[in-house]
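Topology and contacts: notes
What follows is the residue order along each chain.
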Amino acid sequence: MALPHATTTAPGAREPTAQAPPGVSGKTRRKVGVHAPWWFVVPAIAVYLFIVVVPSANGALFSFTDWNGLRPVWSFVGLDNYAAVFSDRTARAALGNTLLLAAAATVAQNVVGLLLALGVNSMARSRYALRVIFFAPVVLTPLVAGYVWSFLLSPNGAVNDALRAVGLGALAHDWLGDPDTALYAIVAEIVWQFSGYSMVIYLAGLQAIPAEVLEAATIDGAGAWSKFRRVVLPLLNGAVVINVMLCLIGGLKQFDQVMAMTGGGPGTATETISTAIYKSAFSLGDFPFSIALAVVMTVVIAILATVQFRLTQRRTS
Amino acid sequence: MHARYTWRTLSREATLILLALLFLVPLVGLLNVSLKPQDSQTSALALEFPPTLGNYAQAWTQANLDAALANSFAITAVSVVLIIAFSAMAAYPLARVTRGWSRYAFYFVIGGLLIPGQLALLPLYATMRDLGLLGSLWSVILINVGQQMPFSVFLYTMFLRELPLDYEEAALLDGCGPVRSFVTVVFPLLRPVTGTVVILNAVGIWNEFFTPLLYLGGSDNTTSPVAIYGFVSQYVSQWPLIFAGLVISVIPILVVYFALQKHIIKGFAGGLKG
């Protein structure tokens, strides 16, 4: 799934500052009689019910049944499907890989994105051109970017060529064919592709910091590092929350790049929850297993989103 | 932050430019390899003379990219128009009506932000199959619209809550009904959000792989990423040919990006500020 879709989940994290005080505007409204017809919500709610709510509820329900998508008759099987998921090696590997990939990509992408933002937010004359270049991979089709990277990382690809050229030929190897490096190679692609997105969000945060605050810190004798650590970083908290949420959810749903770069292999080394859900349903035809895995994925996302939100909220207050 | 251009700024700028060149390597490699003869064994960044456009001609016909690009355009355009119409409309009463149902309806819709599409996947697939929509662009369009409601409704509602009532009141006093006042007065004022909604959704839908793979894969009606997926599995390791196909498939989005980069970057950053 492309990032902007993943993105779309982030702003739940926003503080409700945008909300107008309901009392005041409510009074004005009644007085003058601006009338917003209730039926304006009907098309949105209808398509949302049809595409999201009803099938999601059915998915949760069917995870406790033997529904196979074809027979209209099904019966409850209790927790059998979940037992199957948690005793399945591929599914367990997929869960572990997905958590590792999401964590590694979140950390790396945020560090790189923040550094890029700090660099680009300077007096550098080329800063606008640099911004455009660092952001360009974000709009690229993730599947296509995955194919390009799988070529660059192949045994005779550009990455190994470069290593040999600088005398590090000993490090050159089949990055995607080695179960120990394949997952991190995918993380590297994700960081290349989406750091520009984190950069743009951090940049918006940096530019919202008033110059006087930084001047005051300088006058108080703060060095560059302590100014960053004690003044800039705390003021970037909102951007951190959004970026971490975006990366985390995008990583947990990872599908496209894995399909392009490894197809989940070698073995199960890069299998993710999304690829496992897809394969169990459409290669193996095991709908109950696939649905139970999707419910597990939903729960994992909900837990991590809540934990992350709580943690970052506490830091603010 | 820094008032003057100093030596430190210069060294920082030089580092950044080097990094930018590194960032460009995959893109340059993509273009360079696509111009090589098909039996080429040289490195991704090594130039080879004379460059050939033969891969492009072959990829264009064999990957059926013309039809696939047309489908991608159609799906993106129709989905984005419907997303804007439905979510802007829904946001109007959700932001303006203060009674309870409006608040609950708002939470009900944005609750969808936390539900991954995978949960609905198989029941939805069965429904689309029973409706005979597998292989039809409408299945993908409907799914795009439904899945994007929570985020787009959220953006429009937050923006509308900050928008003063003055204009609508003026329209009302001029004898404008609620529908006409929404279309002619309110909707044009929503332009900043509409820009963000268009950019985020258009880029996302254009690049999307999973949903079209599921609903259009194997049919004659594929989108560009799905066509590329099939093309790559057919011509494994014939990199120059594959890369020509990849270049063709990303040219539209890259052209739009470089033409509108300021707006697009702002759109991505703005989606988060509301």
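Residues numbered from 1 in each chain as written. Chains lettered and ligands numbered in written order. Predicted model: local features only at pLDDT ≥ 70, side-chain atom pairs only at ≥ 80, totals over all residues.

On to the overall build of chain B. Each helix and strand in chain B was counted, giving 13 helices and 0 strands. Rg of the C-alpha trace for chain B: 24 Å, well past the compact-globule value of 19 Å for 274 residues, more than 25% over. With the C-alpha coordinates of chain B rotated into their principal frame, the extents come out at 70 × 65 × 35 Å. For chain B, the residues scored as buried account for 49% of the 274 residues in total. Across chain B, the fraction of contacts at a sequence separation of at least 24, relative to all contacts at a separation of at least 6, is 74%. (Helix = DSSP H or I, 4+ residues; strand = E, 2+ residues; numbered from the N terminus. Rg over C-alpha atoms; globule rule 2.2 N^0.38 Å. Buried ≥ 20, exposed ≤ 12 C-beta atoms within 10 Å, placed from the backbone. Contact = placed C-beta atoms within 7 Å.)

Attention now moves to the overall build of chain A. Within chain A, the regular secondary structure consists of 15 helices and 0 strands. Partitioning the intrachain contacts of chain A with sequence separation of at least 6 by distance along the chain shows that 74% fall at a separation of at least 24.

Moving on, we get to the interface of chain A and chain B. The interface is formed by 93 residues belonging to chain A together with 91 residues belonging to chain B. Per-element tally for the side of chain A that touches chain B: the top contributor is helix H3 (residues 42-62) of chain A, with 13 residues. Within the side of chain A that touches chain B, the residues separate by chemical class into 62 nonpolar, 24 polar and 7 charged. (Nonpolar A, V, L, I, M, F, W, Y, C, P; charged D, E, K, R; others polar.)

In an α-helix there are 3.6 residues to a turn, and that puts residues three or four apart on one side. Counting buried positions along helix H11 (residues 224-234) of chain B yields 8 of 11 residues, so the element is predominantly enclosed. Listing the buried residues of H11 of chain B in full gives Ser224, Pro225, Val226, Ala227, Ile228, Tyr229, Phe231 and Val232 of chain B. Looking at the buried positions of H11 of chain B, the neighbouring elements they touch are helix H7 (142-152) of chain A together with helix H3 (65-96), helix H9 (191-207), helix H10 (210-216) and helix H12 (239-259) of chain B.

Here chain B averages 89 in pLDDT, and 97% of its residues register 70 or above. The ipTM for the predicted assembly is 0.90, set against a pTM of 0.88. (pLDDT = per-residue confidence, 0-100.)

All names here are of chain B. In terms of domains, chain B is made up of domain 1 (7-52) and domain 2 (63-273). A C-alpha centroid distance of 33 Å is found between domain 1 and domain 2. Each partner contributes residues to the interface: domain 1 has 8 residues there, and domain 2 has 8 residues. Grouping the amino acids of the side of domain 1 that touches domain 2 by side-chain chemistry returns 4 nonpolar, 3 polar and 1 charged. (Domains from an automatic or database assignment.)

Turning to the nonpolar core, a few remarks are in order. Counting 175 residues, the largest nonpolar core has Ala44, Val200 and Leu293 of chain A together with Leu246 of chain B as the members making the most contacts within it. For this core, the element with the highest residue contribution is helix H9 (residues 182-207) of chain A, accounting for 16 residues. (Core = buried A, V, L, I, M, F, W, Y, C linked by C-beta atoms within 7 Å.)

Residue and element names in this part refer to chain A. This prediction gives chain A a mean pLDDT of 85; 88% of its residues lie at or above 70. The weakest mean pLDDT in chain A belongs to helix H1 (residues 3-7) at 36; the strongest belongs to H3 at 96. Scored below 50 in pLDDT, residues 1-31 shows 62 contacts in the model against residues more than four places distant or in partner chains.

The next point concerns the packing of helix H1 (residues 7-34) of chain B against H12 of chain B. Residue and element names in this part refer to chain B. One way to put it is that H1 packs onto H12 with a least axis distance of 7 Å and a crossing angle of 120°. The angle between H1 and H12 places the two elements in the oblique class. Relative to H12, the crossing made by H1 is left-handed. On H12, the residues that touch Leu30, Leu31, Val33 and Ser34 of H1 are Trp239, Pro240, Phe243, Ala244, Leu246 and Val247. Taken together, the residues that form the contact of H1 with H12 break down as 9 nonpolar, 1 polar and no charged. (Axes fitted to C-alpha atoms, helices over the stretch in contact; angles between N-to-C directions. Parallel < 35°, antiparallel > 145°, perpendicular 65-115°, else oblique. Left-handed = near helix turned anticlockwise from the far one by under 90°.)

In this section: the domain arrangement of chain A. Residue and element names in this part refer to chain A. Partitioning chain A into domains gives domain 1 (37-78) and domain 2 (82-316). Measuring from the centre of the C-alpha atoms in domain 1 to the corresponding centre in domain 2 gives 31 Å. Each side of the interface is counted separately: domain 1 has 9 residues, and domain 2 has 6 residues. Looking at the side of domain 1 that touches domain 2 residue by residue, the class counts come to 3 nonpolar, 5 polar and 1 charged.

Looking at helix H8 (residues 158-165) of chain A, one finds that the buried residues are Ala158, Val159 and Asn160 of chain A. Of the surrounding secondary structure, the elements contacted by the buried residues of H8 of chain A are H7 of chain A together with H1 of chain B.

Let us now look at the environment of Leu213 of chain B. Residues and elements named next belong to chain B. Inspection of the secondary structure assignment puts Leu213 in helix H10. Here Leu213 falls in the buried class, since 22 other C-beta atoms lie within 10 Å of it. Separated by 13 residues in the primary sequence, Leu213 and Val226 have C-alpha atoms spaced 5.6 Å apart. With residues up to four places along the chain from it excluded, the contact list for Leu213 reads Val226 and Tyr229.

Attention now moves to the environment of Tyr5 of chain B. Summarising the element assignment, Tyr5 of chain B is placed in the segment before H1. Placed 42 residues apart in sequence, Tyr5 of chain B and Leu47 of chain B show a C-alpha to C-alpha distance of 37 Å.

This brings us to unusual backbone geometry. Backbone phi values are negative for most residues with the exception of glycine, while trans is the configuration of most peptide bonds. Along the chain, Gly265 of chain A connects to Pro266 of chain A via a cis peptide bond; the corresponding omega equals -10°. The phi torsion at Asn64 of chain B lies on the positive side, around 55°, for a residue other than glycine. With respect to the element layout, Asn64 of chain B can be found in the loop between helix H2 (54-62) and H3.

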